[in-house]
Amino acid sequence: GAGVSQSPSNKVTEKGKDVELRCDPISGHTALYWYRQSLGQGLEFLIYFQGNSAPDKSGLPSDRFSAERTGGSVSTLTIQRTQQEDSAVYLCASSLETGLGEQYFGPGTRLTVT
Amino acid sequence: SQQGEEDPQALSIQEGENATMNCSYKTSINNLQWYRQNSGRGLVHLILIRSNEREKHSGRLRVTLDTSKKSSSLLITASRAADTASYFCATVYGNTPLVFGKGTRLSVIA
């Protein structure tokens, strides 16, 4: 079956612009996660959604970052007024259950803010 | 703060040799997972070991877990050039998301 997909694969934007990153999780997976990975670094947790529960936003670095998940499936991560330090690879993952099981990752979106 | 810390940060070996990577963590866990990442993109799950397990095997992979020392090791036997990647450990506790370390960059030279 289809894995996790993300779009766009690459995004170059000017400082101050807003960007939207999309994630399509594996069908039937109730948990969805967003991570950020800067060059040569580990994964930084941003936000996760579990079913209809309120999302855990504890990892969002600033109020310029927001995410939503519509219909318990597709998720969009929005970064407003982008800054150069937002440049990173943004990874989305989904899993059958929150936390405990393995996560399936998408290929990521490489964001470059110029 | 990051939960898992891998050691070494980088490892270079010849094809056919074994590669060992270590991971230390700080708090209690439900399970610990190892992932592989090629070319800075999506991660692939390799193996999961639960807190009540001490050792687990999957093909050429062997994972050990020592909860008393809060550490885990990943052994890749008979390495291949295709094993070249970054390897991350990630821990799970309660209902919180995975917490990843910075990874070990493994280079297998043919």
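Since the structure is predicted, the reported quantities are computational estimates derived from the model, not experimental observations.

About the cut-offs
Every chain is numbered on its own, with residues counted from 1 as its sequence reads. A letter from A marks each chain and a number from 1 marks each ligand, given out in the order of writing. Residue-level local features of this predicted model are given only where pLDDT is at least 70; pairs of side-chain atoms are given and counted only at 80 or more, and the full residue set underlies all totals for whole chains, interfaces and linings. Side-chain measures were taken over the full set of non-hydrogen atoms in the model, leaving aside hydrogen atoms and water. Secondary structure elements are taken from DSSP: a helix is a run of H or I of four residues or more, a strand is a run of E of two residues or more, and numbering for both begins at the N terminus. The contact rule is simple, with two residues in contact once any of their heavy atoms fall within 4.5 Å. Strand pairing requires that DSSP identify at least two bridges connecting the strands. Angles shown run from 0 to 180 degrees and are taken between the N-to-C directions of axes, each axis being a line fitted to C-alpha atoms and, for helices, limited to the stretch in contact. Throughout, disulfides are identified as pairs of cysteine sulfur atoms within 2.5 Å of each other. We define buried area as the total accessible area lost by two parts upon association, computed with a 1.4 Å probe and summed across both. In what follows, salt bridge is the name for a side-chain nitrogen of Lys or Arg lying within 4 Å of a carboxyl oxygen of Asp or Glu. Polar contact criterion, stated in full: a pair of N or O atoms within 3.5 Å, where within protein one must be able to donate a hydrogen and the other to accept it, and residues adjacent in sequence count only if both atoms are side-chain atoms. Side-chain rings of Phe, Tyr and Trp, where Trp is taken by its six-membered ring, are said to pair if the distance between their centres is within 6.5 Å; with planes under 30 degrees apart they count as stacked, over 60 as edge-to-face, and otherwise as tilted. Whether a residue is buried, partly exposed or exposed follows from its accessible area with a 1.4 Å probe, protein chains only, as a fraction of its type maximum: under 20%, in between, or over 50%, in that order.

**Q** For this particular structure, what's the right way to read the environment of Gly3 of chain A?
**A** All names here are of chain A. Structurally, the position occupied by Gly3 is in the segment before β1 (5-7). Expressed as a C-alpha distance, the spacing of Gly3 and Ala93, which sit 90 residues apart in the sequence, is 9.7 Å. Setting aside its immediate chain neighbours within four residues, Gly3 contacts Asp24 and Ile26.

**Q** Explain the sheet that holds strand β8 (residues 71-76) of chain B here, please?
**A** Strand pairing in a sheet is mediated by backbone hydrogen bonds. Such pairs are either parallel or antiparallel. Residue and element names in this part refer to chain B. The five strands are arranged β1-β3-β8-β7-β6 in an open sheet whose pairing can be described as antiparallel. Bordering the open sheet on either side are β1 (5-7) and β6 (55-58), each of which pairs with just one other strand. Across the sheet, the mean angle from the axis of one strand to that of its neighbour is 20°, orientation sign disregarded. Here six bridges tie strand β7 (residues 61-66) to β8, and the two strands are oriented antiparallel to one another. Bridge pairing in β8 links Thr64 to Ser73.

**Q** Explanation requested: the state of the cysteines in the structure shown.
**A** In protein chemistry, a disulfide is the covalent bond that joins the sulfur atoms of two cysteines. For the coordinates displayed, the defined rule picks out two disulfides over all chains. Linked covalently through their sulfurs, Cys23 of chain A and Cys92 of chain A form a disulfide whose S-S length is 1.9 Å. Since a negative S-S torsion denotes a left-handed disulfide, the Cys23 of chain A-Cys92 of chain A link at about -65° is left-handed. Separated by 69 residues along the polypeptide, Cys23 of chain A in strand β3 (residues 19-24) and Cys92 of chain A in strand β8 (residues 88-95) bring together distant segments of the chain. Residue Cys23 of chain B pairs covalently with Cys89 of chain B via a disulfide, S to S 2.0 Å. As the torsion about the S-S bond is roughly 65°, the Cys23 of chain B-Cys89 of chain B disulfide counts as right-handed.

**Q** What am I meant to see in the interface of chain B and chain A here?
**A** Many descriptions give the size of an interface as the accessible area lost when the pieces come together. Listed per partner, the contact involves 23 residues of chain B and 25 residues of chain A. Roughly 1700 Å² of surface becomes buried between chain B and chain A when both sides are summed, with 50% attributable to carbon and sulfur atoms. Where chain B packs against chain A, one counts zero salt bridges. Applying the counting rule to chain B against chain A returns two residue pairs in polar contact (both at pLDDT 80 or more). Of all the elements in the fold, those that place two or more residues in the side of chain B that touches chain A are β4 (31-37), β5 (43-50) and β9 (85-92) of chain B.

**Q** Just checking my understanding: could you explain the packing of aromatic side chains for this structure?
**A** Any pair of aromatic rings gets described here by the distance separating the centres and the angle formed by the planes. For the structure shown, the criterion picks out nine aromatic pairs over all chains. Here Tyr33 of chain A and Tyr35 of chain A contribute two aromatic rings whose centre-to-centre distance is 6.3 Å and whose plane-to-plane angle is 20°, an arrangement assigned as stacked. Ring centres of Phe105 of chain A and Phe100 of chain B lie 6.0 Å apart, and the angle between their planes is 80°; on these two criteria the pair is classed as edge-to-face. A residue pair is termed interchain when its members come from two chains, as with Phe105 of chain A in strand β9 (residues 104-105) and Phe100 of chain B in strand β10 (residues 99-100). In terms of burial, Phe105 of chain A and Phe100 of chain B fall into one category: buried. What links up through ring pairs into an aromatic cluster is the set Tyr33, Tyr35, Phe45, Tyr48 and Phe105 of chain A together with Tyr35 and Phe100 of chain B.

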